[in-house]
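Residues per chain, in single letters:
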Amino acid sequence: MSALRVGVLAYPGCFASEVYGVPDLLTMATHVAGPDGSKYEVSIVSPRRRVAASGGAVLDVSPLREVDVLVVPGFELVPGLDVDAKLAPLAPEIAAIRSHAAAGTVVVSICVGAFLLAEAGLLNRRRATTAWLLADELARRYPDADVRPERLVVTDTGVTTTAAFSAMYDFALDLIRQHSGAGVARTTARVALVDDARSSQTPYVDAQCLPQPGNAFSHKVMRWLDQNLATRYDLAALSDTFKVSTRTLLRRFADETGQSPLEYLQSSRVRRARHLLEATNRSIGSISAAVGYRDPSTFAALFAKHTGRRPRDYRAAFRRVDDVGA
């Protein structure tokens, strides 16, 4: 079998770790596979002669060339930053992405590299994902993309997008699995201490990091709900607390936040339960009661809906052993 040609597109301000992360794991897979195993021919390419990554690290790059897979790393982007200002200087890279896709190259983005693919028109009428922190921004900016913020890796007709940073390893393991076989991928994951059984980024979402919608009215309602997590949800009583009708409460809250008070309460309860599962030894039944659910099975079903894991599995994956108290 001929070597799979993988090109990583370096550009000004890209994350150097995301430039080298996939090639490094492919190198490990080559060693695992042995001399008779599948090979990878990896190059760092750019339409520029000189590229400085985020933090000022100068990257050694080669001219653009024909490859089987083109990987587009992410760049430094935080909510509220001017995306246009970030993308405007990258016209040569966006043109290269478009040209490779037109030639039939498989194109892959890491993290917010999805914004470059979208600028090149590759996400139109395709399913896609990106870092959960910026998925709403991707969906807002590119309404023709079908953004799936819960997914770690999404492949749709020759275009693959991944979630944040470490999802580059989920993609790389998928590539190794396809090209070198499941056994090589599994062993490579073990050698590198990389989780090869992840399927969702939902368990990693921290709602407190997301931009908070709403204004004074909805914030007051949210604060009351946060302070009364264990109280049974009663829409009429909640409306009385804020001296409005139930219809007005629902309308104003939805207009300001895009969700109902109950939906917000459920998310807040799950957020609190996640903390208790991570940082305490309390039983799941005790945690269920603490966030307002007398029936642990009802709580477990809701928790799994929001995080993709049952409470017991979540605790096993995310427990902070050093911080665990009573």
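None of these values were measured; they are calculated from a predicted model. (Residues numbered from 1 in each chain as written. Predicted model: local features only at pLDDT ≥ 70, side-chain atom pairs only at ≥ 80, totals over all residues. Heavy atoms only, no water.)

What about the overall build of the chain?
Within the chain one finds 14 helices and 11 strands. Taken over the C-alpha atoms alone, the chain extends approximately 70 × 40 × 35 Å along its principal axes. Burial analysis of the chain (326 residues in total) assigns 44% to the buried set. Expressed as a percentage of contacts within the chain between residues at least 6 apart in sequence, the contacts between residues at least 24 apart total 67%. When the 39 basic and 34 acidic side-chain charges of the chain are each reduced to a single mean position, those positions are 5 Å apart. (Helix = DSSP H or I, 4+ residues; strand = E, 2+ residues; numbered from the N terminus. Buried < 20%, exposed > 50% of the residue type's maximum accessible area, 1.4 Å probe, protein only. Contact = heavy atoms within 4.5 Å. Lys, Arg positive; Asp, Glu negative; His and termini not counted. Charge placed at Lys NZ, Arg CZ, Asp CG, Glu CD.)

A word on the packing of aromatic side chains
What the rule picks out here adds up to seven aromatic pairs. Arranged with centres 6.2 Å apart and planes meeting at 35 degrees, the rings of Tyr293 and Phe299 form a pair that is tilted. One exposure class covers both Tyr293 and Phe299, and it is buried. Plain terms: the ring middles of Phe299 and Phe303 are 5.8 Å apart, the flat faces sit at 50 degrees to each other, and that makes the pair tilted. Pair noted here: Phe299 and Phe303 are both in helix α13 (residues 296-307), with a separation of four residues, about one helical turn. Of the aromatic side chains, those joined through ring pairs into one cluster are Tyr293, Phe299, Phe303 and Tyr314. One Lys or Arg, Arg252, reaches over the ring of Phe217 and ends 3.9 Å from the middle of that ring. When the ring centre of Tyr293 is taken as origin, the NZ or CZ atom of Arg269, which lies over that ring, is 4.8 Å away. (Phe/Tyr/Trp six-rings, centres within 6.5 Å; stacked < 30°, edge-to-face > 60°. Lys NZ or Arg CZ within 6 Å of the ring centre and 35° of its normal.)

Some details on the pattern of salt bridges
A full pass over the atoms with the stated rule returns 14 salt bridges. A salt bridge links Asp146 to Arg148; the nearest nitrogen and oxygen atoms lie 2.8 Å apart. In this structure Arg148 comes out as partly exposed when scored by relative accessible area, which is 27%. Here Arg190 makes a salt bridge to Asp196, at a shortest N to O gap of 3.2 Å. Several salt bridges converge on common partners, so that one network encompasses Arg5, Glu66 and Asp68. (Salt bridge = Lys/Arg side-chain N within 4 Å of Asp/Glu carboxyl O.)

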